[in-house]
Amino acid sequence: MRLSRTLAALTVACAVLLTTAGTTATAGTTATTGKTATAGTRGAATATGEPYCGITWGSGDKVAGALSDAPLTEVRTGRHDCFDRVVFEFDGTVTGYSIGYSETYTEGEGLALSPYTAGGALLRVSLRAPAYDDEHLATVPYRVGDHVANVLRYQTLRDVVFGGSFEGYSTFAVGVRARLPFRVLVLAGPGTHSRIVLDVAHQWQQ
């Protein structure tokens, strides 16, 4: 009789232990699943995939315009809310350019400028206009290889290097943080001058 009672008590104890273990495992699984779902939701909300500042310029080559004899007179840069800017100003009407991401070589010599230009990506800027006048005197104070702009604290621009001017073409290597969208504008003024403007976005997406 006493043995029967002992066996019955052991059976009840085992049943309780098995029930408790099953409940604990289920609770652990539920908690893990909940955390995973929450983390996934936060990630989806952060990566919107929307263009930064509504910019849809792309990063492909931009080419336009014809050769001009109006000389380059100045290069300057500027910081804006959504992009950094490089302005090339000419004494006369200039519309021709070829700009894209690739190695840049000095005019007339063919020396690669990437080793001497800061930045994670290099924009080759070929302007279809000289940097000298009719008497072949320089119209800008730069020599080949000169860093022509101070881009300290710029978000995208890292360097602007003069690659020289030869046979009516002027070249610059523009170093930027990474391969980012860019656009090119041709603007009239001030006065009889004209400008070719290069804008490089700060990033691709919001």
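Residues numbered from 1 in each chain as written. Predicted model: local features only at pLDDT ≥ 70, side-chain atom pairs only at ≥ 80, totals over all residues. Heavy atoms only, no water.

### Notes on the side chain of serine 170
Move 1: Within the secondary structure, serine 170 sits in strand E7 (residues 169-176).
Move 2: Separated by 2.8 Å, the side chain of serine 170 and the backbone oxygen of alanine 129 make a polar contact.
Move 3: If we skip the residues at most four places from it in the chain, serine 170 touches Val125, Ser126, Leu127, Ala129, Pro130, Ala131, Gly164 and Ser165. (Helix = DSSP H or I, 4+ residues; strand = E, 2+ residues; numbered from the N terminus. Polar contact = N/O pair within 3.5 Å; in protein donor to acceptor, adjacent residues only side chain to side chain. Contact = heavy atoms within 4.5 Å.)

### A word on the sheet that holds strand E4 (residues 97-101)
Move 1: Taking strand neighbours across the sheet as the criterion, the 5 strands line up as E1-E4-E5-E7-E6 in an open arrangement whose pairing is antiparallel. Only two strands of the sheet have a single neighbouring strand rather than two, namely strand E1 (62-64) and strand E6 (157-166). Neighbouring strand axes in the sheet, compared pairwise and without regard to direction, differ in orientation by 15° on average.
Move 2: Bridge count for E1 against E4 is 3 bridges, and the pairing is antiparallel. Directly across from lysine 62, in E4, lies its bridge partner isoleucine 99. (Pairing = 2+ DSSP bridges. Axes fitted to C-alpha atoms, helices over the stretch in contact; angles between N-to-C directions.)

### Digging into the nonpolar core
Move 1: One finds Phe88, Leu123, Phe172, Val174 and Leu198 to be the most contacted residues of the largest nonpolar core, which totals 33 residues.
Move 2: Taken together, the elements giving at least two residues each to this core come down to strand E2 (72-79), strand E3 (83-90), E4, strand E5 (121-127), E6, E7, strand E8 (182-188) and strand E9 (194-201).
Move 3: In terms of residues, this core owes the most to one element, E5, which gives 4 residues.
Move 4: In this structure, Tyr52, Ile55, Cys82 and Ala201 belong to the second largest nonpolar core, which totals 5 residues. (Core = buried A, V, L, I, M, F, W, Y, C linked by side-chain atoms within 4.5 Å. Buried < 20%, exposed > 50% of the residue type's maximum accessible area, 1.4 Å probe, protein only.)

### Section: unusual backbone geometry
For residues besides glycine, phi is generally negative; the peptide bonds are generally trans as well.
Move 1: Residue glycine 189 is joined to proline 190 through a cis peptide bond whose omega torsion reads 0°.
Move 2: Note that proline 190 resides in the loop between E8 and E9.
Move 3: With phi around 65°, histidine 136 is a residue other than glycine that occupies positive phi space.
Move 4: By the element assignment, histidine 136 lies in the loop between E5 and E6.
Move 5: Positioned with a positive phi, glutamate 167 is a non-glycine residue whose angle comes to about 55°.
Move 6: You can see glutamate 167 is positioned in the loop between E6 and E7.
Move 7: For glutamate 167, a relative accessible area of 60% corresponds to the exposed category.

### So, the sheet that holds E9
Pairing between sheet strands relies on hydrogen bonds along the backbone, with the strands arranged either parallel or antiparallel.
Move 1: Pairing in this open sheet of 4 strands is antiparallel, and the strands run E2-E3-E9-E8 from one edge to the other. Looking at strand neighbours, the two that pair on one side only are E2 and E8, the edges of this open sheet. Across the sheet, the mean angle from the axis of one strand to that of its neighbour is 15°, orientation sign disregarded.
Move 2: Bridge count between E2 and E3: 7 bridges; the pairing is antiparallel. By the bridge assignment, threonine 77 is partnered in E3 with valine 86.

### Focus: the state of the cysteines
Move 1: Inspection of every chain in the model, using the stated rule, returns 1 disulfide.
Move 2: Between the sulfur atoms of cysteine 53 and its disulfide mate cysteine 82 the distance is 2.0 Å. Disulfide cysteine 53-cysteine 82: torsion about the S-S bond near -75°, hence left-handed. With cysteine 53 in the loop between helix H1 (2-46) and E1 and cysteine 82 in the loop between E2 and E3, this pair connects stretches of sequence that are 29 residues apart. (Disulfide = S-S within 2.5 Å.)

### Focus on the side chain of arginine 128
Move 1: Note that arginine 128 resides in the loop between E5 and E6.
Move 2: Buried charged residue arginine 128 carries no salt bridge. Nearest counter-charge: glutamate 107, at 9.7 Å.
Move 3: For arginine 128, the side chain forms a polar contact with the main-chain oxygen of alanine 64, separated by 3.5 Å.
Move 4: Discounting chain neighbours no more than four positions away, the residues touching arginine 128 are Val63, Ala64, Gly65, Ala66, Leu67, Ser68, Val94, Gly96, Tyr97, Ser98, Gly168 and Tyr169. (Lys, Arg positive; Asp, Glu negative; His and termini not counted. Salt bridge = Lys/Arg side-chain N within 4 Å of Asp/Glu carboxyl O.)

### Here's the deal with the confidence of the model for the chain
Move 1: Confidence in the prediction of the chain, expressed as mean pLDDT, is 84, and 77% of residues score 70 or more.
Move 2: Confidence drops under a pLDDT of 50 for residues 1-45, and excluding neighbours within four residues, the segment shows 0 contacts in the predicted structure. (pLDDT = per-residue confidence, 0-100.)

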